[in-house]
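Here is how the chains run, residue by residue.
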Amino acid sequence: MKSQFSKIAKIRKQKREVIEKDLLKSKNKEKMLVHKLSALYEHIHSINLPKEGKVSMLSLIAEQKRILGRDKKTCEEELLSVRNQTQTLQEAYKKAHIEYEKIHYLEEQELQAMIATLKRQEQLDLDEVSTQLFANQITKRVPS
């Protein structure tokens, strides 16, 4: 049984599902970036400067640390951006869910009203049939 709100509810539900999917993607990207950032931190801390050796070796290691530091900073900025996007998507999901629930509630109310009307009509029809059967039995008993 469909109500006048069924199509709207379907559209709102689809919108909510799209936002939910985007939110999950954003959360997964955030987890991946956190993992990548922790790996970069570990890698940076694992680099030891040698106590002696050629200057070219020292400058090579220093350059490697600078590159890792730049990668770390880029990763931190991207993580901040993704967290902001996740927050925005969470708010959008909350709004979409509330809008869907409103329409779904109206749809359910209308369906319940339709069911109640159908039950009332069915009861009236059954009463009519029983009245006709009763009248038919009375006419059979009374000889004419």
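That block above? That's the structure.
Residue numbers run consecutively from 1 along every chain, following the written order of its sequence. Whole-chain, interface and lining totals are the exception, using all residues; otherwise, since this is a predicted model, local features are given only for residues with pLDDT of at least 70 and side-chain atom pairs are given and counted only at 80 or more. Computation of side-chain values covers all heavy atoms of the structure but excludes hydrogens and water.

(A) Broad picture of the overall build of the protein chain. Per the convention used, a helix needs a DSSP run of H or I reaching at least four residues, while a strand needs a run of E reaching at least two, with both numbered from the N terminus. Per the secondary structure count, the protein chain includes 2 helices and 0 strands. Relative to the compact-globule value of 15 Å for 144 residues, the protein chain shows a C-alpha radius of gyration of 35 Å, a clear excess of over 25%. Projecting the C-alpha coordinates of the protein chain onto the three principal axes gives extents of approximately 130 × 20 × 15 Å. Put simply, the protein chain has 144 residues, and 18% of those count as buried. Note on method: radius of gyration uses C-alpha positions; expected globular size equals 2.2 Å times residues raised to 0.38. Per-residue accessibility, obtained with a 1.4 Å probe over protein chains only, is compared with the maximum for each type, and a residue is labelled buried under 20%, exposed over 50%, and partly exposed between these values.

(B) Inspection of helix α2 (residues 55–141) at higher detail. What a helix is expected to span follows from its residue count: subtract one and scale by 1.5 Å. With 87 residues, α2 extends 124 Å between its outermost C-alpha atoms, agreeing within 8% with the 129 Å of an ideal straight helix rising 1.5 Å per residue. Residues Ile-61, Leu-68, Cys-75, Leu-79, Val-82, Thr-86, Leu-89, Ala-96, Tyr-100, Ile-103, Glu-107 and Leu-111 constitute the buried set of α2. Two residues qualify as a contact provided that any one of their heavy atoms is within 4.5 Å of a heavy atom in the partner residue. Where α2 is buried, its residues meet α1 (6–46).

(C) Examining a nonpolar patch on the surface more closely. The patch calculation keeps residues exceeding 30% relative accessible area without a salt bridge and links them within 9 Å when they carry like charges or within 5 Å when they are nonpolar (Val, Leu, Ile, Met, Phe, Trp, Tyr). Using a 1.4 Å probe, accessible areas were evaluated by the Shrake-Rupley method; residue-level cover was limited to the displayed protein chains. Salt bridge criterion: a side-chain nitrogen from Lys or Arg within 4 Å of a carboxyl oxygen from Asp or Glu. A grouping of Met-1, Ile-115 and Leu-118 is seen on the molecular surface, where their side chains present a nonpolar patch of about 300 Å² in accessible area. Relative to the helices and strands, Met-1 is located in the segment before α1.

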